[in-house]
Amino acid sequence: MHKPNRALVVLTLANLLLIFIIGEINGTLAQWGLFLYLPGLLVLPSAQHLDCFRSSASLFLSGLLYDHSIHATFGFHAFAMAIVYLLLRKTPFMGNSFSPAQSRLLSLSVNLCLAIAWGLFSLLSLDELAPWGWSRFLIDATLSSFMALALGSWFSDFCNYLLIRTRIISNEKNSSPE
């Protein structure tokens, strides 16, 4: 298997693991009426290490699973994350190594964009934002933003660690399989 394909498999599995962990945490937080919305964390590692086709495929598959795990309109996050990636791809810093502050800021920005898009999509499609209203949506989006800020560099570092351990990239800071 070529290195870019192995990177695709490793990063997609890391995304699926994160989705599972977020689902478990949300199951625990539900007893207090809280919900973490963190799809923005999934975009950065794929954008950083994969080419356009592989990144779009990984994010599309991850988005479908994310939709299923949070009971959202099936396909919304799949298309939204792929579109956000395609927009980010046009920025000059994609594919380079990020500092922890840049990772956090980018994850936060992507997460906020996806939250706003999901809220507007739900409003326009007359979906009732699941069983909760706009005030709860805004509270959960704010809480999720703080978590995205805190975890933004962690997940990117975790994916880098997995790619180094599987010998897909070297231990250098600016390595990329492209």
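Just so it is clear, the structure is predicted and the values come from calculations on it, not from any experiment.

Peer 1: What's the story with helix H4 (residues 76-88) in this structure? I'm lost.
Peer 2: Every α-helix carries 3.6 residues per turn, so stepping three or four residues along brings you back to the same face. Here H4 contains 13 residues, and its C-alpha end-to-end distance of 18 Å stays within 8% of the 18 Å for a straight helix at 1.5 Å per residue. Residues of H4 that are buried include every one of Phe76, His77, Ala78, Ala80, Met81, Ala82, Val84, Tyr85 and Leu88, and no others. Where H4 is buried, its residues contact helix H2 (43-49), helix H3 (52-70) and helix H5 (100-124).

Peer 1: Explanation requested: the pattern of salt bridges in the structure shown.
Peer 2: As a working rule, side chains carrying opposite charge can pair if their charged atoms are close by. Within this structure, the stated rule accounts for 2 salt bridges. For the salt bridge of Arg54 with Asp51, the shortest nitrogen-to-oxygen distance reads 2.4 Å. Put simply, Asp140 and Arg136 hold a salt bridge, and the shortest N to O gap is 3.5 Å. Taken together, the residues span about one helical turn, with Asp140 and Arg136 both in helix H6 (residues 134-165) at a distance of 4 residues. The partly exposed category is assigned to Arg136, whose relative accessible area is 28%.

Peer 1: Sorry, what's going on with unusual backbone geometry here?
Peer 2: Phi is mostly negative for residues that are not glycine, and the peptide bonds are mostly trans. The phi dihedral of His71 falls on the positive side, at around 60°, and the residue is not glycine. The residue His71 is located in the loop between H3 and H4 in this model. For His71, a relative accessible area of 70% corresponds to the exposed category.

Quick notes on the rules
- Residues numbered from 1 in each chain as written.
- Predicted model: local features only at pLDDT ≥ 70, side-chain atom pairs only at ≥ 80, totals over all residues.
- Heavy atoms only, no water.
- Helix = DSSP H or I, 4+ residues; strand = E, 2+ residues; numbered from the N terminus.
- Expected span 1.5 Å × (residues − 1).
- Buried < 20%, exposed > 50% of the residue type's maximum accessible area, 1.4 Å probe, protein only.
- Contact = heavy atoms within 4.5 Å.
- Salt bridge = Lys/Arg side-chain N within 4 Å of Asp/Glu carboxyl O.

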